[in-house]
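Read off the chains here:
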Amino acid sequence: MDIFLETERMVLRPFTPEDVDRLVELDGDPEVMRYINGGRPTPRDTIRARHLPRLLHRHPGLGTFGYWAAEAKATGAEDAGAEDAGAFLGWFEFRPLEDDSPAVVELGYRLRAAAWGRGYATEGARALIHKGFTDLGVQRVTANTMTVNAASRRVMEKAGLTFVRTYFGDWPEVIDGSQHGEVEYDLTRETWERRRAASRRASPA
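Caption draft 1: The overall build of the protein, seen in detail. When helices and strands are tallied, the protein shows six helices and 10 strands. On C-alpha atoms alone, the protein measures out to a radius of gyration of 17 Å, which is about the 17 Å that the 2.2 N^0.38 rule sets for 205 residues. For the protein, the C-alpha atoms occupy an extent of roughly 50 × 40 × 35 Å along the three principal directions. Within the protein, the fraction of its 205 residues that count as buried is 48%.

Caption draft 2: Representation of helix H1 (residues 20-27) within the structure. Those residues of H1 that sit buried are Val20, Leu23, Val24, Leu26 and Asp27. Buried residues in H1, looked at end-on, bunch into an arc of 165°, giving them a common side. Buried residues in H1 make contact with helix H3 (44-55), strand S6 (88-98) and strand S7 (101-111).

Caption draft 3: Representation of the packing of aromatic side chains within the structure. Summed over all chains, the structure comprises five aromatic pairs. Ring geometry for Phe4 versus Trp68: centroids 3.7 Å apart, planes at 5°, classification stacked. A residue pair is termed long-range when its members are at least 10 positions apart, and Phe4 in the segment before strand S1 (5-6) and Trp68 in strand S5 (residues 67-72) qualify at 64 residues. Note on Phe133 and Trp192: the rings are 5.2 Å apart at their centroids and 45° apart in plane angle, and the pair reads as tilted.

Caption draft 4: Spotlight on the side chain of Asp19. By the secondary structure assignment, Asp19 is in the loop between strand S2 (10-13) and H1. For Asp19, a relative accessible area of 1% puts it in the buried group. In this structure, Asp19 is in contact with Arg13 and Pro14, ignoring residues within four places of it in sequence.

Caption draft 5: Spotlight on helix H5 (residues 150-158). Among all positions of H5, only Ser152, Val155 and Met156 are buried. All buried residues of H5 lie within an arc of 100° about the axis, which places them on one face of the element. Buried residues in H5 make contact with S7, helix H4 (120-135), strand S8 (140-146) and strand S10 (182-188). Residue Gly160 follows H5 closely and has a positive phi angle near 105°.

Caption draft 6: Seen up close, the sheet that holds S1. Strand order in the open sheet made by the eight strands is S1-S2-S5-S6-S7-S8-S10-S9, with mixed pairing throughout. For this open sheet the edge positions go to S1 and strand S9 (162-167), each flanked by a neighbour on one side alone. With respect to the sheet, H5 is in contact with S7, S8, S9 and S10, its orientation differing from that of S8 by roughly 165°.

Caption draft 7: Region of the structure containing the environment of Phe168. One can find Phe168 in the loop between S9 and S10. Filtering out sequence-adjacent residues up to four positions away, Phe168 remains in contact with Gln179, His180 and Gly181.

Caption draft 8: A look at the environment of Thr145. Relative to the helices and strands, Thr145 resides in strand S8. Between the C-alpha atoms of Thr145 and Gly181, which are 36 residues apart in sequence, the distance is 8.9 Å. Those residues within four positions of Thr145 in sequence are excluded, and the remaining contacts are Ser152, Arg153, Met156, Glu182 and Val183. Within the local environment of Thr145, its side chain forms a polar contact with the side chain of Asn149, the two groups lying 3.2 Å apart.

Caption draft 9: Structural detail: the packing of H1 against H3. Between H1 and H3, the least distance of the axes is 10 Å, while the angle of their chain directions is 110°. Taken as axis vectors, H1 and H3 run roughly perpendicular relative to one another. Crossing geometry of H1 relative to H3 is assigned as right-handed. Residues Val20, Asp21, Leu23, Val24 and Asp27 of H1 form the contact with H3, whose participating residues are Arg44, Ile47, Arg48, His51, Leu52 and Leu55. Grouping the amino acids of the contact of H1 with H3 by side-chain chemistry returns six nonpolar, one polar and four charged.

Rules behind the numbers
- Residues numbered from 1 in each chain as written.
- Predicted model: local features only at pLDDT ≥ 70, side-chain atom pairs only at ≥ 80, totals over all residues.
- Heavy atoms only, no water.
- Helix = DSSP H or I, 4+ residues; strand = E, 2+ residues; numbered from the N terminus.
- Rg over C-alpha atoms; globule rule 2.2 N^0.38 Å.
- Buried < 20%, exposed > 50% of the residue type's maximum accessible area, 1.4 Å probe, protein only.
- Arc of directions from axis to C-beta.
- Contact = heavy atoms within 4.5 Å.
- Phe/Tyr/Trp six-rings, centres within 6.5 Å; stacked < 30°, edge-to-face > 60°.
- Pairing = 2+ DSSP bridges.
- Axes fitted to C-alpha atoms, helices over the stretch in contact; angles between N-to-C directions.
- Polar contact = N/O pair within 3.5 Å; in protein donor to acceptor, adjacent residues only side chain to side chain.
- Parallel < 35°, antiparallel > 145°, perpendicular 65-115°, else oblique.
- Left-handed = near helix turned anticlockwise from the far one by under 90°.
- Nonpolar A, V, L, I, M, F, W, Y, C, P; charged D, E, K, R; others polar.

If you want it as structure tokens, here you go:
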């Protein structure tokens, strides 16, 4: 198995066409889809024809994919509510906004409800940000969610992103809470490096 990134409790790997069933199950949970489309499951045909090609697309500017399947490691399987290590937890997005440039990437995540509240989203987000700024030439990370999605906003803040703005888009469908708009958060490489340096200075020798 190709591994893109390891954290303490997870492995992030590229998607494959064999992941369709996992994606159907993930998008079939109304709670998972609540802030995405109001809770409706995504049809298998849509996942196969529209979503999977996006997950499998390699971005030339970044030199790699923009979406990663998250699986539990041996130390995290029990926490994830999974029977075995290697259980599918969901996915992380770390996708460049311009296909031929790594400068600005969008951070996102969609995890199974069984993995919520266990720190996986923050753990994965921090690891991706670190790799982006140290290895991939990323200069700014941005993330967006519904204003009312307090859990996702907390993840962004714990990962080091700060609030930028609230905005209202012309979305094709209205879901509960969309009247409050969307929020954007971001983190620049300069800010991230400055915080790291300050943390090292503050740490005891």
